[in-house]
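# Summary of the model geometry
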Amino acid sequence: MENISSQISGNHILTTGLGRTMQAEEHFCKVTRQIMKCVSSAEFYRMLGHVLALSEQHQQKLMGSFGVVAATSSETAADEFEQHIDAVACGKQTAAANDLTYTWLITKIIQRKIDCYEQVLSIIDSQQLHHHKRILGAALSDETATELFMQELAERLFLRQFPEHASLA
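Residues numbered from 1 in each chain as written. Predicted model: local features only at pLDDT ≥ 70, side-chain atom pairs only at ≥ 80, totals over all residues. Heavy atoms only, no water.

As a further point, take the overall build of the protein chain. Each helix and strand in the protein chain was counted, giving 5 helices and 0 strands. Taken from the N to the C terminus, the helices and strands of the protein chain come in the order α-α-α-α-α. Expressed as a percentage of the 169 residues in the protein chain, the buried residues total 40%. Of the contacts formed within the protein chain by residues at least 6 apart in sequence, a portion of 78% connects residues at least 24 apart. Accessible surface computed for the protein chain: about 9,500 Å², of which carbon and sulfur atoms make up 55%. (Helix = DSSP H or I, 4+ residues; strand = E, 2+ residues; numbered from the N terminus. Buried < 20%, exposed > 50% of the residue type's maximum accessible area, 1.4 Å probe, protein only. Contact = heavy atoms within 4.5 Å. Areas by Shrake-Rupley, 256 points an atom, 1.4 Å probe, with all protein chains shown as cover.)

Shown next as structure tokens:
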């Protein structure tokens, strides 16, 4: 009996973790669409379009492979990021400085997604559910690469805005 109850508990923890991951993906899509309306750099806009499509693919895989729906929340994280986006859009910075701030916001959301995927993979390892690992590991790899690309893009945007600081990069 103990084995069945621990399996049910493990499945609940996994389902909760997957729900948080889906929620992070949905939040990312919402914020990315909003930022895409504001960016000035064509390179950044294309990058956002690419990572948005990737996030939508991750959501489809989570739904298709695991039947996941997003966990319910108070949306405070999404609201906070939307307030930051509005503040940047209404500010008096240059377009390049705004884009630099948007890369920072996107990177923060990507880091949250990475944390969610790492937590779920940890649960999978502890429950020895290795057949699920491939899908989630691929998504984690995508997120890590995206974070790296965002950091590189932020450096390029920074150097365009502040060329006198090229020695710092």
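To continue, consider the pattern of salt bridges. By the definition in use, this model includes 6 salt bridges. The shortest N-O distance in the salt bridge between Lys113 and Glu143 comes to 3.0 Å. Note that Lys113 is positioned in helix H4 (residues 95-127) and Glu143 in helix H5 (residues 133-161), a separation of 30 residues in sequence. With respect to burial, Lys113 and Glu143 carry one shared label: buried. Its salt-bridge partner being Asp125, residue Lys133 comes within 2.8 Å of it at the nearest N-O pair. (Salt bridge = Lys/Arg side-chain N within 4 Å of Asp/Glu carboxyl O.)

Taking 1.5 Å of rise per residue, the 25 residues of helix H2 (residues 42-66) would be expected to cover 36 Å, and the 36 Å separating its terminal C-alpha atoms lies within 8% of that figure. Those residues of H2 that fall on the buried side of the exposure criterion are Phe44, Met47, Leu48, Val51, Leu52, Leu54, Ser55, His58, Gln59, Leu62 and Phe66. At the N-terminal boundary of H2, the capping side chain belongs to Ser41, with an oxygen 3.3 Å from the backbone nitrogen of Glu43. Just beyond H2, the residue with positive phi is Gly67, at close to 65°. (Expected span 1.5 Å × (residues − 1). Polar contact = N/O pair within 3.5 Å; in protein donor to acceptor, adjacent residues only side chain to side chain.)

This paragraph deals with H4. For H4, with 33 residues, the first-to-last C-alpha span of 48 Å sits near the 48 Å given by 1.5 Å per residue. Where H4 terminates, the next one or two residues include Gln128, which has phi positive at roughly 55°.

Glancing now at the nonpolar core. Judged by nonpolar contacts, the single largest core of 38 residues is most densely connected at Leu18, Ile35, Leu48, Leu62, Tyr102, Leu136 and Met150. Those elements that provide at least two residues to this core are helix H1 (2-36), H2, helix H3 (76-90), H4 and H5. The leading source of residues in this core is H4, at 11 residues. If near-sequence neighbours (up to four positions away) are discounted, Ile35 is found in contact with Leu48, Ile85, Tyr102, Leu105 and Ile106. (Core = buried A, V, L, I, M, F, W, Y, C linked by side-chain atoms within 4.5 Å.)

What follows concerns the packing of H2 against H5. Between H2 and H5, the least distance of the axes is 11 Å, while the angle of their chain directions is 165°. Taken together, the axis directions place H2 and H5 in an arrangement best described as roughly antiparallel. When you trace H2 past H5, the crossing you get is left-handed. Touching Glu43, Phe44, Met47, Leu48, Val51, Leu54, His58, Lys61, Leu62, Ser65 and Phe66 of H2 are Ile135, Leu136, Ala139, Asp142, Glu143, Thr146, Phe149, Met150, Leu153, Arg156 and Arg160, all from H5. (Axes fitted to C-alpha atoms, helices over the stretch in contact; angles between N-to-C directions. Parallel < 35°, antiparallel > 145°, perpendicular 65-115°, else oblique. Left-handed = near helix turned anticlockwise from the far one by under 90°.)

Purely spatial values, then, with no claim about function.
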